[in-house]
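Each chain is listed here by its residues.
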Amino acid sequence: WCVPLLLLLAHLSKSMTVSALGLLFVIDLLARRRPNVRVLAACTLAAAVAVGLHTAVGDQVGMTQPHTGGGRLGQALTMGPVVLRYVALLAWPPALSLVQDVPAVVRPTTWAVVGLLVPAAWGAFGLWCWRARGRPLALASFLAFFVPLTPVSQVLFPLQNQMADRYLFLSVLAVALT
């Protein structure tokens, strides 16, 4: 009962902590144990409550904006190059910056598609390694990278800033696992 309560408090203090729910699964995956369904259900409820509150407050104070590119597809295409830049920043941290320019992508481009295929391939490879070979590390590194970026992926909740290096705070775990 402590984990969902403490996570709810964390969620209410910082919206990005809603990704902790996915990281609980990463911990269970690495420990090669079956997740506690009751704890995950309670944590999911806590995250849902927090997401609802954060979304309502974000809308009221102007933190959210319309989807770039006219809708979710345009927003996903815009985030393709951002994903590649995040991966590059983890590989080469001297490129970190306070300001990141993110141009809107309204039709598929090479970088937008590659930026969406890289995570799909990484996730598929990780899933294959885990299911076929019993090795969860590649899947855990994929989840450790992308789960913390989910709240700021812009596809679910379009925020004012499309990209910020601080969003990589927890995704550095993927580098450590890899």
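The structure presented is a predicted model; accordingly, all values stated were derived computationally and were not measured.

Chemist: Outline the overall build of the chain, listing residues and values.
Modeler: Assigned secondary structure in the chain consists of seven helices and zero strands. Starting at the N terminus, the α and β elements of the chain follow one another as α-α-α-α-α-α-α. A compact globule built from 178 residues should have a C-alpha radius of gyration of about 16 Å, and the chain, at 17 Å, falls within 12% of that. Structurally, the chain occupies a C-alpha span of about 40 × 40 × 30 Å along its principal axes. Out of the 178 residues in the chain, the part that is buried amounts to 38%. Sequence separation of 24 or more characterises 72% of the internal contacts of the chain that already satisfy a separation of 6 or more. As displayed, the chain has an accessible area near 10,400 Å², and 71% of this comes from carbon and sulfur atoms. Mean positive and mean negative side-chain charge positions of the chain (12 and 4 charges, respectively) differ by 15 Å.

Chemist: Give me the packing of helix α1 (residues 2-13) against helix α3 (residues 37-61): which residues, what numbers.
Modeler: The relative placement of two packed helices is expressed as an angle between their axes plus a distance between the axes. Following both chains from N to C, one finds α1 and α3 inclined at 15°, their axes separated by 9 Å at the closest point. Taken as axis vectors, α1 and α3 run roughly parallel relative to one another. In the packing of α1 onto α3, the handedness of the crossing is right-handed. Each of Val3, Pro4, Leu7, Leu8, His11 and Leu12 in α1 lies in contact with α3, whose residues at this interface are Val39, Ala42, Cys43, Ala46, Ala47, Ala50, Leu53 and His54. Considered class by class, the residues forming the contact of α1 with α3 number 12 nonpolar, two polar and no charged.

Chemist: Tell me about the nonpolar core, residues and numbers included.
Modeler: Core analysis: the largest hydrophobic core is formed by 27 residues, its most contacted members being Tyr86, Leu143, Phe145, Leu149, Tyr167 and Leu168. Top element by residues in this core is helix α6 (residues 137-146). It accounts for seven residues. If we ignore the near neighbours within four places in the chain, the residues touching Leu143 are Phe25, Val26, Leu29 and Pro148.

Chemist: Break down the pattern of salt bridges for me, citing the residues and quoting the values.
Modeler: One pass over the structure, following the stated rule, counts one salt bridge. Notably, a salt bridge pairs Arg33 with Asp28, separated by 2.6 Å at the nearest N-O pair.

Chemist: Tell me about the packing of aromatic side chains, and name the residues and values.
Modeler: In the structure shown here, the tally under the stated rule is six aromatic pairs. The interplanar angle of 70° and the centroid separation of 6.0 Å between the aromatic rings of Trp122 and Phe142 together place this pair among those described as edge-to-face. Here the residue Trp122 occupies a position in helix α5 (residues 110-133), and Phe142 occupies one in helix α6, the gap between them amounting to 20 residues. By relative accessible area, Trp122 is classed as partly exposed at 22%. For Phe142, a relative accessible area of 17% corresponds to the buried category.

Calculation rules
Residues numbered from 1 in each chain as written. Predicted model: local features only at pLDDT ≥ 70, side-chain atom pairs only at ≥ 80, totals over all residues. Heavy atoms only, no water. Helix = DSSP H or I, 4+ residues; strand = E, 2+ residues; numbered from the N terminus. Rg over C-alpha atoms; globule rule 2.2 N^0.38 Å. Buried < 20%, exposed > 50% of the residue type's maximum accessible area, 1.4 Å probe, protein only. Contact = heavy atoms within 4.5 Å. Areas by Shrake-Rupley, 256 points an atom, 1.4 Å probe, with all protein chains shown as cover. Lys, Arg positive; Asp, Glu negative; His and termini not counted. Charge placed at Lys NZ, Arg CZ, Asp CG, Glu CD. Axes fitted to C-alpha atoms, helices over the stretch in contact; angles between N-to-C directions. Parallel < 35°, antiparallel > 145°, perpendicular 65-115°, else oblique. Left-handed = near helix turned anticlockwise from the far one by under 90°. Nonpolar A, V, L, I, M, F, W, Y, C, P; charged D, E, K, R; others polar. Core = buried A, V, L, I, M, F, W, Y, C linked by side-chain atoms within 4.5 Å. Salt bridge = Lys/Arg side-chain N within 4 Å of Asp/Glu carboxyl O. Phe/Tyr/Trp six-rings, centres within 6.5 Å; stacked < 30°, edge-to-face > 60°.

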